[in-house]
Amino acid sequence: MTDHTWHIAGDADGNPTTASCQHLTDDDHHPLAPPRLECPDCIREGSQWVHLRQCLSCGHVGCCDSSPRRHATHHWNQTRHPLVRSVQPGESWAWCYPDELFLLPEEQP
Ligand SMILES: [Zn+2]
Ligand SMILES: [Zn+2]
Ligand SMILES: [Zn+2]
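Predicted model, so just to flag it, every value in this text is computed and none were measured. (Residues numbered from 1 in each chain as written. Chains lettered and ligands numbered in written order. Predicted model: local features only at pLDDT ≥ 70, side-chain atom pairs only at ≥ 80, totals over all residues.)

Caption draft 1: How the structure looks around the overall build of the protein chain. Counting its secondary structure elements, the protein chain contains two helices and six strands. Counting only residues that meet the buried cut, the protein chain has 27% of its 109 residues in that class. Looking at the protein chain alone, contacts between residues at least 24 apart form 51% of all its contacts between residues at least 6 apart. (Helix = DSSP H or I, 4+ residues; strand = E, 2+ residues; numbered from the N terminus. Buried ≥ 20, exposed ≤ 12 C-beta atoms within 10 Å, placed from the backbone. Contact = placed C-beta atoms within 7 Å.)

Written as structure tokens, this is what we have:
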């Protein structure tokens, strides 16, 4: 399962928030192919990544802000695709760049 319904978990510091995220209801979210666990931009540039993030709009995989090249943030700056999720094994959360909100998957009944 790579497709989730997300809800807001907290602000950038992880604190509860009443903020809303309209990007969660965008209609152009479609199931994404399972990501390749590598940052193609880092491979091309001969850099190394720390953690990986996947764009929920187009499936692009980039590296996190702890990585030297920050390709996930670079992708957001270039495309304005708002949502990324962690693709680290055992991690399931997402991040909205414009709203600066942490998102968690809805529990499945
Ligand atoms: Zn948002
Ligand atoms: Zn990278
Ligand atoms: Zn994208």
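Caption draft 2: The arrangement of the environment of Ser20 in detail. With respect to the helices and strands, Ser20 occurs in the loop between strand S1 (6-11) and helix H1 (40-45). Given 11 C-beta atoms within a 10 Å radius, Ser20 is considered exposed. It is 8.0 Å that separates the C-alpha atoms of Ser20 and Asp99, two residues lying 79 residues apart in sequence.

Caption draft 3: Fine view of the sheet that holds strand S6 (residues 101-105). With respect to topology, six strands assemble into an open sheet ordered S1-S6-S5-S4-S2-S3, the strand pairing being antiparallel. Edge positions in the sheet fall to S1 and strand S3 (61-63), since each of these pairs with one other strand and no more. Within the sheet, the average angular offset between the axes of one strand and its neighbour, ignoring direction, is 35°. Summarising the sheet, strand S4 (residues 83-86) and strand S5 (residues 94-96) pair through three bridges and their orientation is antiparallel. Its bridge partner lying in S5, Val84 is registered against Trp95. Against the sheet, helix H2 (residues 71-79) engages strand S2 (52-55), S3 and S4, with an angle of about 120° to S3. (Pairing = 2+ DSSP bridges. Axes fitted to C-alpha atoms, helices over the stretch in contact; angles between N-to-C directions.)

Caption draft 4: Representation of the nonpolar core. The biggest cluster of nonpolar side chains holds 18 residues, and the ones touching the most others in it are Val84, Ala94, Cys96 and Leu103. With three residues, S5 is the largest single contributor of residues to this core. Every residue in contact with Val84, bar those within four places of it in the chain, is listed here: Arg53, Gln54, Cys55, Leu56, Ala72, Ala94 and Trp95. (Core = buried A, V, L, I, M, F, W, Y, C linked by C-beta atoms within 7 Å.)

Caption draft 5: How the structure looks around H2. Residues of H2 that are buried include every one of His71, Ala72, His75 and Trp76, and no others. Take H2 and look down its axis: the buried residues cluster within an arc of 150°, on one side only. Along H2, exposed side chains directed more than 90 degrees from the buried face belong to Asn77 and Gln78. Residues of H2 that are buried make contact with H1, S2, S3 and S4. Just downstream of H2, Arg80 is the residue with a positive phi angle, here 60°. (Arc of directions from axis to C-beta.)

Caption draft 6: The arrangement of the pairing of S4 in detail. As judged from the three bridges shared by S2 and S4, these two strands associate in the antiparallel manner. Of the residues in S4, the one forming a bridge with Gln54 is Arg85.

Caption draft 7: Main features of unusual backbone geometry. With a phi angle near 50°, Arg70 is a residue other than glycine that sits in the positive phi range. Here Arg70 is to be found in the loop between S3 and H2. The partly exposed category is assigned to Arg70, around which 19 C-beta atoms lie within 10 Å.

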